[in-house]
Amino acid sequence: MIFGITGRMGQSLVAVLREGSTFHLQGAVAAADSVRLGRDAAAEGEATGVKITADCTAALRGSVVAVDFSVGSAVAAHARACSAAGVPLLVGATAFDAAATAELDRAARSIPV
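Residues numbered from 1 in each chain as written. Predicted model: local features only at pLDDT ≥ 70, side-chain atom pairs only at ≥ 80, totals over all residues. Heavy atoms only, no water.

Looking at the overall build of the protein chain
Quick note on the threshold: Strands are runs of DSSP state E lasting at least 2 residues, helices are runs of H or I lasting at least 4, and numbering of each runs from the N terminus. The size measure is the radius of gyration over C-alpha atoms, and the globule rule it meets is 2.2 Å times the number of residues to the 0.38 power. Between buried and exposed lies partly exposed: a residue is buried under 20% and exposed over 50% of the maximum accessible area for its type, with that area taken using a 1.4 Å probe on protein chains only. In this description, contact between two residues means that some pair of their heavy atoms is separated by no more than 4.5 Å. The Shrake-Rupley method, run with a 1.4 Å probe sphere, supplies the accessible areas, and residue values consider only the shown protein chains as cover. Counting rule for charge: Lys and Arg are taken as positive, Asp and Glu as negative, and neither His nor the chain ends is counted. Taken as the charge centre is NZ of Lys, CZ of Arg, CG of Asp or CD of Glu, depending on the residue.
For the protein chain, the helix and strand inventory stands at four helices and five strands. Along the chain direction, N to C, the helices and strands of the protein chain fall in the order β-α-β-β-α-β-α-β-α. The globule rule puts the C-alpha radius of gyration for 113 residues at 13 Å, and the 13 Å found for the protein chain is close to it. Here the C-alpha coordinates of the protein chain stretch approximately 40 × 30 × 20 Å along the principal axes. Here the protein chain, with 113 residues, has 38% of them falling under the buried criterion. Considering only contacts in the protein chain between residues 6 or more positions apart, those separated by 24 or more positions represent 54%. As presented, the protein chain carries roughly 6200 Å² of accessible surface, and 55% of it is formed by carbon and sulfur atoms. The centroid of the 9 positive side-chain charges in the protein chain is displaced by 3 Å from the centroid of its 10 negative side-chain charges.

A short note on the pattern of salt bridges
Let me state the cut-off plainly: By salt bridge we mean one thing: a side-chain nitrogen of Lys or Arg within 4 Å of a carboxyl oxygen of Asp or Glu.
All told, the structure shown has two salt bridges when counted by the stated rule. Of the charged contacts, one joins R80 and E103 as a salt bridge, the two residues approaching to 3.4 Å between their closest N and O atoms. Placement of the pair is R80 in helix α3 (residues 75–85) and E103 in helix α4 (residues 98–107), with a sequence separation of 23 residues. On the basis of relative accessibility, which here comes to 43%, the residue R80 falls in the partly exposed class. R106 is the partner of E103 in a salt bridge, and the nearest nitrogen-oxygen pair spans 2.9 Å. With E103 and R106 both in helix α4 and three residues apart, the pair spans about one turn of that helix. Its relative accessible area of 11% is what places E103 among the buried residues.

Details of the sheet that holds strand β3 (residues 52–53)
Which entries qualify depends on this criterion: A pair of strands is treated as paired once DSSP finds two or more bridges between them.
Reading across the sheet, the five strands line up as β3-β2-β1-β4-β5 and stay open at both edges, with parallel pairing between neighbours. Two strands lie at the open edges of the sheet, namely β3 and β5 (89–91), each paired on one side alone. As paired strands, strand β1 (residues 2–3) and strand β4 (residues 66–68) are joined by two bridges and run parallel to one another. The residue bridging F3 from the neighbouring strand is D68, located in β4.

So this is what it looks like as structure tokens:
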């Protein structure tokens, strides 16, 4: 599952998954105001079959790990969603604040972060 699917890094991860990774895209999250909501996670090339949503809970269903390359202001909410779903979280987003760091610390008590 990828948070920030519409960004440069999110699309780079889609490309890597196509190259024969043992992982498969399970969910794709973008901001609630994204023009790509409801569209396929791949902006270019072969479709992934995964539709972009702003619903973190729905996107996390069936996921074994989540990768966050969104924006710093969204990291805390993503950490809460992953913790509630029991899905480990890898954060590549930057520029998050002390509140997000505290939320990541809380999430790390129940899931790998």
